[in-house]
Number of protein chains: 2
Amino acid sequence: MDAVQERLTEFSQEAHELYLNTSVPYLDGPPEPLDFYRDWIGPNKPCIIRNAFSHWPALARWTPDYLREKIGSKVVSVAVTPNGYADAVAGNYFVMPEERKMSFSSVLDIIEGKVRCSGRPVCGLDRCGSDSLVDRMFQVQRNGVFYVQKQCSNLLQELPELIDDLEPHVAWMSAALGKMPDAVNFWLGEEKAITSMHKDPYENLYCVISGEKHFILLPPTDRPFIPYGVYRPAVYLEQDSGEFKVVGTEDSQKVPWIPLDPLEPDLEQYPQYRWAQPLRCSVKAGEMLYLPSLWFHHVQQSHGCTAVNFWYDMEYDIKYNYFQLLESLCEAPGRHEFRNGVRNQRRTESASE
Amino acid sequence: MDAVQERLTEFSQEAHELYLNTSVPYLDGPPEPLDFYRDWIGPNKPCIIRNAFSHWPALARWTPDYLREKIGSKVVSVAVTPNGYADAVAGNYFVMPEERKMSFSSVLDIIEGKVRCSGRPVCGLDRCGSDSLVDRMFQVQRNGVFYVQKQCSNLLQELPELIDDLEPHVAWMSAALGKMPDAVNFWLGEEKAITSMHKDPYENLYCVISGEKHFILLPPTDRPFIPYGVYRPAVYLEQDSGEFKVVGTEDSQKVPWIPLDPLEPDLEQYPQYRWAQPLRCSVKAGEMLYLPSLWFHHVQQSHGCTAVNFWYDMEYDIKYNYFQLLESLCEAPGRHEFRNGVRNQRRTESASE
């Protein structure tokens, strides 16, 4: 199989020489649908579009005060983790966040530092005033890292009050793809909240409203350099002590995920990653990243960054077909045993960001 | 390597299940550029477009009489072979046709059966009247199978008088691709003229003006089932005896080509071809075939069929990158030795039709 491995390495390098850029290019305004399809979606290449949503009221409006007034009392799903890593490998587990229902104003309190306490011993009682129900809620909420990152169209489902501040789809993208987005998601999180490296089966338009997002991107063709393992699924659960415990879920099916941290890649354990050629980019307020389907990405953000992204279902076409071939040729262990029925596994990999 | 071969077979079959059609679909009129890009060019799928060039005067005008009057005296390049196969494998050779310069009216004489003699002994002297220079030309020309099939934009280069009968490009295709065609080719040939199975690095729009063309098509993803060999290049040369001799060219570089004849596939010699799933279609006068880049195709035609095709350069993008991987994994011998520098070999495979 050495010849295959060599050829896969050569193949990935050819991709960079043939058609990939060495950094993420900028467009200065919203593109024509056909041009965007031909130049970016078809070739599966990322770009950052400036001035694509200058007309959205959200850009000026989405201050903490405005959000507090508009949706402060709404209950939203929040991902809570001890370390900022939701949906990531920890030890032998693929660990998902504790999902909490909280009022949006409670989330803003945390983001704005109005509830500063973290860790144990519990420190908030004297400052929070009384041991009322609300304050006890704060005590429970103040440990860990918080991230409003629920997918499945949480903007439309949970926060419809915000829809007038933007648009329910990106007109030129919908025209290009000939369809509407599958989901419109709202993101708000702390600086420590990190999305671990993964890929999604979506054409993704990621719009930063305030703050900035930092992406590390790897093309699908770099798949040979990206390690995968399979892990028991688990969730974080905060204990009465305030510590988070990793609890295996009932689901016995293991999850394939990437254990590598591109911020500090362990090249001794994953030597093939030295050949990877990640692109890094920061997407600032008012900018929109086109993140093509099946690109691997790792995401960080400035504290309190707000963002909205649009997921358009990818096409299961010749590129997907080729990617499945590549994936199966890369698969551990030993690269000798290929999955059966890969077609049926399209959507088993959890998607986020 | 068995696991790789198995996986390649599975991959090709997945392509058919995922996104390929079981026959070549029809569109009822010229498409919008964006729709065509999204539905056919991007996914690399063939279709036949009806009513796409109803406004071309050629459709009504291109009778033999008209062509004789308009361009009868023009000298054109004609491919002549003993058996109709130009650019095909014969024994250990890749044999190219004898290229002759002839007046267009001489070609029409042959097509129209006005010079019926073929083979030896020479039979035309008594019917052709005298041993004039013209008749001796006919004697030379009347053996073999004739095909006006010179590529490199022979319509624009050799027959500019015909341009007013059509258009120099297909407006919606040029808009879709954002570029003009690399070549516009004119085709006129005998029923016996056959184009052997091959692929081209072009997005191809094939417009039949009169008669019909019969295509056997195989997607790039069927590459694992298509045998290739490497052959010494040669050309046919007609001898004084009227017989054609195969003469090796000076060029020492061997040519990779497909020895298999899809009309009568030799499954004993090429057992993997039994997995191939060829599409067959006939393109009639007034119809236009979109033949996507890198699709394998074998072409026959009705006697005297006239056609024009437009070659648009393909993009050397992610699909090409993936195809190169596939190609190298399929490569004989032994599939262990991969080509170096495949990027530089993009255009070495001769292209035709």
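Residues numbered from 1 in each chain as written. Chains lettered and ligands numbered in written order. Predicted model: local features only at pLDDT ≥ 70, side-chain atom pairs only at ≥ 80, totals over all residues. Heavy atoms only, no water.

Taking an unreviewed UniProt entry as the reference, chain A is identified by name as Jumonji domain containing 7 belonging to Nothobranchius furzeri.

### A short note on the overall build of chain A
Within chain A, the regular secondary structure consists of 10 helices and 19 strands. A total of 353 residues make up chain A; the buried ones form 58% of that total. Pairs at least 24 apart in sequence give 82% of the contacts found in chain A among residues at least 6 apart. With an accessible surface of roughly 14500 Å², chain A has 48% of that area assigned to carbon and sulfur atoms. (Helix = DSSP H or I, 4+ residues; strand = E, 2+ residues; numbered from the N terminus. Buried < 20%, exposed > 50% of the residue type's maximum accessible area, 1.4 Å probe, protein only. Contact = heavy atoms within 4.5 Å. Areas by Shrake-Rupley, 256 points an atom, 1.4 Å probe, with all protein chains shown as cover.)

### Overview of the packing of helix α4 (residues 64-71) of chain A against helix α5 (residues 104-111) of chain A
Residues and elements named next belong to chain A. With their axes 9 Å apart at the nearest point, α4 and α5 run at an angle of 160° to one another. Relative to α5, the element α4 is oriented roughly antiparallel. Seen along the crossing, α4 lies across α5 with a hand that is left-handed. Residues Pro64, Leu67, Arg68 and Ile71 of α4 pack against Phe104, Ser105, Leu108 and Asp109 of α5. Looking at side-chain class alone, the contact of α4 with α5 contains 5 nonpolar, 1 polar and 2 charged residues. (Axes fitted to C-alpha atoms, helices over the stretch in contact; angles between N-to-C directions. Parallel < 35°, antiparallel > 145°, perpendicular 65-115°, else oblique. Left-handed = near helix turned anticlockwise from the far one by under 90°. Nonpolar A, V, L, I, M, F, W, Y, C, P; charged D, E, K, R; others polar.)

### As for the sheet that holds strand β1 (residues 26-27) of chain B
Residue and element names in this part refer to chain B. Strand order in this open sheet of 9 strands is β1-β2-β17-β11-β19-β9-β8-β3-β7, and the pairing throughout is mixed. Where the open sheet ends on each side, the last strands, each with one partner, are β1 and β7 (98-103). Relative to strand β17 (residues 287-291), strand β2 (residues 47-50) runs antiparallel, the two being bridged by 4 bridges. In the sheet register, Cys47 faces β17, and the bridge partner there is Tyr290. Sheet strands in contact with helix α5 (residues 104-111) are β3 (75-81), β7, β8 (145-148) and β9 (183-189), and its direction is about 105° off that of β7. (Pairing = 2+ DSSP bridges.)

### Let's talk about the UniProt feature "domain: JmjC" (unreviewed entry) in chain A
As recorded in UniProt, the feature "domain: JmjC" (unreviewed entry) lies at residues 148-327 of chain A. Secondary structure across residues 148-327 of chain A comprises 12% helix and 40% strand; the distance between its end C-alpha atoms is 31 Å. (UniProt positions renumbered as here; feature names shortened; annotations may be inferred.)

### Re the environment of B:Leu27
Structurally, B:Leu27 can be placed in strand β1. Among all residues touching B:Leu27, those that are not within four sequence positions of it are B:Phe36, B:Trp40, B:Cys47, B:Ile48, B:Ile49 and B:Arg50.

### What about the relation of the copies chain A and chain B?
Relative to chain B, chain A is turned by 180° and slid 0.0 Å along the rotation axis, the superposed coordinates differing by an RMSD of 0.0 Å. Both copies of the chain, as the preceding transformation shows, are related through a two-fold rotation axis. Relative to the rotation axis, the closest C-alpha in chain A is found at A:Leu34, a distance of 2.6 Å. Most of the interface of chain A is mirrored in chain B: 100% of its interface residues are interface residues there too. (Least-squares fit on C-alpha atoms with pLDDT ≥ 70 in both.)

### Looking at the interface of chain A and chain B
With 45 residues of chain A at the contact, the number on the chain B side is 45 residues. Of the roughly 4000 Å² buried between chain A and chain B on both sides combined, carbon and sulfur atoms contribute 67%. When residues of chain A are sorted by the area they lose upon contact with chain B, A:Arg7, A:Leu18 and A:Tyr322 head the list and together hold 18% of the total. Counting the contacts that link chain A with chain B gives 0 salt bridges. For the side of chain A that touches chain B, the residue count by class is 26 nonpolar, 9 polar and 10 charged. (Buried area = accessible area lost by both parts, 1.4 Å probe. Salt bridge = Lys/Arg side-chain N within 4 Å of Asp/Glu carboxyl O.)

### Observations regarding the sheet that holds strand β12 (residues 212-218) of chain A
Spatially, the 5 strands line up as an open sheet ordered β4-β10-β18-β12-β16 (chain A), and their pairing is mixed. At either end of the open sheet lies a strand with only one pairing partner, and these are β4 (85-86) and β16 (279-284) of chain A.

### Some remarks on the nonpolar core
Counting 103 residues, the largest nonpolar core has A:Trp62 and B:Trp62 as its most contacted members. By size, the runner-up hydrophobic cluster in this structure holds 96 residues, among which are A:Val24, A:Trp295, A:Cys305 and B:Ile258. (Core = buried A, V, L, I, M, F, W, Y, C linked by side-chain atoms within 4.5 Å.)

### Some remarks on the packing of aromatic side chains
All names here are of chain B. Inspection of every chain in the model, using the stated rule, returns 30 aromatic pairs over all chains. Centre to centre, the rings of Tyr206 and Phe215 are 5.4 Å apart; their planes meet at 75°, and the pair counts as edge-to-face. With relative accessibility at 1%, the residue Phe215 sits in the buried group. Look at Tyr236 and Phe244: their rings are 6.3 Å apart centre to centre, the planes differ by 85°, and that puts the pair in the edge-to-face class. Judged on exposure class, the residue Tyr236 and its partner Phe244 are both buried. (Phe/Tyr/Trp six-rings, centres within 6.5 Å; stacked < 30°, edge-to-face > 60°.)

### Focus: helix α10 (residues 318-330) of chain B
All names here are of chain B. The first and last C-alpha atoms of α10 sit 18 Å apart over 13 residues, in line with the 18 Å expected at 1.5 Å per residue. Of all 13 residues in α10, 13 are buried, a share of seventy percent or more. For α10, the side-chain oxygen to backbone nitrogen distance between the N-cap and Lys319 is 3.1 Å, and the N-cap itself is Asp317. (Expected span 1.5 Å × (residues − 1). Polar contact = N/O pair within 3.5 Å; in protein donor to acceptor, adjacent residues only side chain to side chain.)

### Points about the pairing of strand β14 (residues 244-248) of chain A
Within a regular beta strand, the side chains point alternately toward one face of the sheet and then the other, so they alternate between its two faces. Residue and element names in this part refer to chain A. For strand β13 (residues 229-238) and β14, the ladder comprises 5 bridges, and the chain directions are antiparallel. When the bridges of β14 are listed, Val235 appears paired with Val247. Here β13 folds back onto β14 in antiparallel fashion, the turn holding 5 residues, of which Gly242 has a positive phi close to 95°.

### Some details on the pairing of β9(B)
Residue and element names in this part refer to chain B. The buried count for β9 comes to 7 of 7 residues, which makes it a mostly enclosed element. The two faces of β9 match: Ala183, Asn185, Trp187 and Gly189 on one face and Val184, Phe186 and Leu188 on the other face are all buried. Examined bridge by bridge, β8 and β9 share 2 bridges and lie antiparallel to one another. Each residue of the ladder has a partner; that of Val148, found in β9, is Leu188. Bridge count for β9 against strand β19 (residues 306-313) is 6 bridges, and the pairing is antiparallel. Residue pairing for β19: Phe186 is matched across the bridge by Val308.

### Details of the packing of helix α2 (residues 33-41) of chain A against helix α2 (residues 33-41) of chain B
In the contact formed by α2(A) and α2(B), the axes pass within 9 Å of each other and the chain directions differ by 30°. With respect to each other, α2(A) and α2(B) are oriented roughly parallel. Between α2(A) and α2(B) lies a crossing whose hand is left-handed. Contact residues: A:Pro33, A:Leu34, A:Tyr37 and A:Arg38 in α2(A); B:Pro33, B:Leu34, B:Tyr37 and B:Arg38 in α2(B). Partitioning the contact of α2(A) with α2(B) into residue classes produces 6 nonpolar, no polar and 2 charged.

### Some details on the environment of A:Lys192
All names here are of chain A. Following the sequence through the fold, Lys192 ends up in the loop between β9 (183-189) and β10 (194-198). On the accessibility criterion, Lys192 (60% relative accessible area) is exposed. When neighbours within four sequence positions are excluded, Lys192 is seen to be in contact with Asn83, Gly84 and Val145.

### Considerations on the confidence of the model for chain A
Detailed conclusions should not be drawn from predicted coordinates in areas where pLDDT is low. All names here are of chain A. For chain A, per-residue confidence averages 87 on the pLDDT scale, and 86% of positions sit at 70 or higher. Every residue in residues 117-141 scores below 50 in pLDDT, and together they form 37 contacts with partners more than four places removed in sequence or on other chains. In this model, residues 332-351 is a region of pLDDT below 50 whose contacts with residues beyond four sequence positions or in other chains number 45 contacts. Both scores are available for the predicted complex, with the pTM at 0.88 and the ipTM at 0.87. (pLDDT = per-residue confidence, 0-100.)

### Some points on the pattern of salt bridges
Residue and element names in this part refer to chain A. All chains considered together, the criterion is met by 30 salt bridges over all chains. Taking the shortest distance from any N to any O, the salt bridge between Glu161 and Lys74 comes out at 2.8 Å. Residue Glu161 is located in the loop between α8 (154-158) and α9 (171-177), and its partner Lys74 is located in the loop between α4 and β3 (75-81); the two are separated by 87 residues in the primary sequence. Classification of Lys74 as partly exposed rests on a relative accessible area of 24%. The partner of Lys179 in a salt bridge is Glu315, with the nearest N and O atoms 2.7 Å apart. Of this pair, Lys179 sits in the loop between α9 and β9 while Glu315 sits in the loop between β19 (306-313) and α10 (318-330), and the two are 136 residues apart along the sequence.

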